[in-house]
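# Observations on the three-dimensional arrangement
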Amino acid sequence: KHKEDISIRSHLLKTLIEDLDNPKIIFNQKVSSPWAIDSIKNCKKIYEFNTLDFVIGSDLIKDIFCWKNFDKIIKEVSFFIIIREGYPIESSTLNILESHQVKFKISTIKIPNISSSKFRLNFNYSNLPTSLINIVKKNNLYSSTKLVE
């Protein structure tokens, strides 16, 4: 469960995507749904895409097998897996993906092993992408959960 509001998380993601400056990567919160299959259908309808890459971090790739409508999702998208530092993709996971006929590509982009939980513990802004530092500070995000005595 996320402690920060969806609008804040959405703004952070939008900022990161804008930094990439890649016209093939689109941010549109209107397509978002709690269910991946609905987000995929919304995206395909709005943008009239036949093919769609679903971006997912390597730390979450094993979770897709438990997703609602997993069988439908894998027919609709190719997963674009971004390696998160500390979460290599194991050969057993690749085998499972292939046995389920999941289409996927592994990105050459690597993301650091930073999360809101880790940030709350040490407030090390240097681990954050530069474009997010002012947003995090201005909105007092990820306040420490440490007990101050």
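Residues numbered from 1 in each chain as written. Predicted model: local features only at pLDDT ≥ 70, side-chain atom pairs only at ≥ 80, totals over all residues. Heavy atoms only, no water.

### Quick notes on the overall build of the chain
Along its length, the chain carries 6 helices and 3 strands. Along the chain direction, N to C, the helices and strands of the chain fall in the order α-α-β-α-β-α-β-α-α. Along the longest, intermediate and shortest principal axes, the C-alpha atoms of the chain span 50 × 35 × 25 Å. In the chain, buried positions account for 30% of the 149 residues. Carbon and sulfur atoms make up 54% of the accessible area of the chain, which amounts to about 10400 Å² in all. (Helix = DSSP H or I, 4+ residues; strand = E, 2+ residues; numbered from the N terminus. Buried < 20%, exposed > 50% of the residue type's maximum accessible area, 1.4 Å probe, protein only. Areas by Shrake-Rupley, 256 points an atom, 1.4 Å probe, with all protein chains shown as cover.)

### Examining the side chain of S10
Among the structural elements, S10 can be located in helix α1 (residues 6-20). A polar side-chain atom of S10 sits 2.9 Å from a polar atom in the side chain of Q29. Those residues in contact with S10, other than ones at most four positions away along the chain, are F27 and Q29. (Polar contact = N/O pair within 3.5 Å; in protein donor to acceptor, adjacent residues only side chain to side chain. Contact = heavy atoms within 4.5 Å.)

### Some points on the sheet that holds strand β2 (residues 78-84)
Judged by pairing direction, the sheet is parallel, and its 3 strands sit side by side in the order β1-β2-β3 without closing on themselves. Across the chains shown, the open sheet's two edge strands, defined by having one partner strand only, are β1 (53-57) and β3 (104-111). Each strand axis lies, on average, 25° off the axis of its neighbour in the sheet, ignoring direction. Across 5 bridges, β1 lies against β2 in parallel orientation. By the bridge assignment for β2, F54 is matched with F79. (Pairing = 2+ DSSP bridges. Axes fitted to C-alpha atoms, helices over the stretch in contact; angles between N-to-C directions.)

### Observations regarding the environment of I73
Take I73: it is sitting in helix α3 (residues 70-76). On a C-alpha basis, the gap between I73 and K41 in space is 9.5 Å, while along the polypeptide they are 32 residues apart. Excluding residues within four positions of it along the chain, I73 makes contact with A36, I37, I40, W67, K68 and F79.

Spatial relationships are all this shows, so hold off on functional conclusions.
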